[in-house]
Amino acid sequence: MFGFGLPELLIVGFIVVMVFGVGKLPEIGSSFGKAISNFKKASDGKDAVELNPKKEG
């Protein structure tokens with residue numbers, strides 16, 4: 001997995017806990033999950049924005 005082993009992941013996790021604190025972890029996880037979901041929707045083209053809208057009238 002990208003050259004990351006268990007010791008590296010534990011160190012990164014420890015740093016995240018030290019920086020953000022235990023109370024913010026659920027909020028960060030939720031935000032991260034929403035970001036991934038939005039990225040997947042955008043890459044599928046579901047939220048595509050029309051660059052040249054049709055003129056009405």
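Look up a bit, the structure's there.
Scoring rules and cut-offs
- Residues numbered from 1 in each chain as written.
- Predicted model: local features only at pLDDT ≥ 70, side-chain atom pairs only at ≥ 80, totals over all residues.
- Heavy atoms only, no water.
- Salt bridge = Lys/Arg side-chain N within 4 Å of Asp/Glu carboxyl O.
- Buried < 20%, exposed > 50% of the residue type's maximum accessible area, 1.4 Å probe, protein only.
- Helix = DSSP H or I, 4+ residues; strand = E, 2+ residues; numbered from the N terminus.
- Expected span 1.5 Å × (residues − 1).

Bringing the pattern of salt bridges into the picture now. Where charged atoms from two side chains of opposite charge come close, those side chains can pair. Applying the stated criterion across every chain, the model contains one salt bridge. The salt bridge involving Glu27 is made with Lys24; its shortest N-O contact spans 3.9 Å. Classification of Lys24 as partly exposed rests on a relative accessible area of 44%.

With that settled, the discussion passes to helix H1 (residues 6-20). Along its 15 residues, H1 runs 21 Å from first to last C-alpha, staying within 8% of the 21 Å computed at 1.5 Å per residue. With its phi angle positive at about 85 degrees, Gly21 sits one or two positions after the end of H1.

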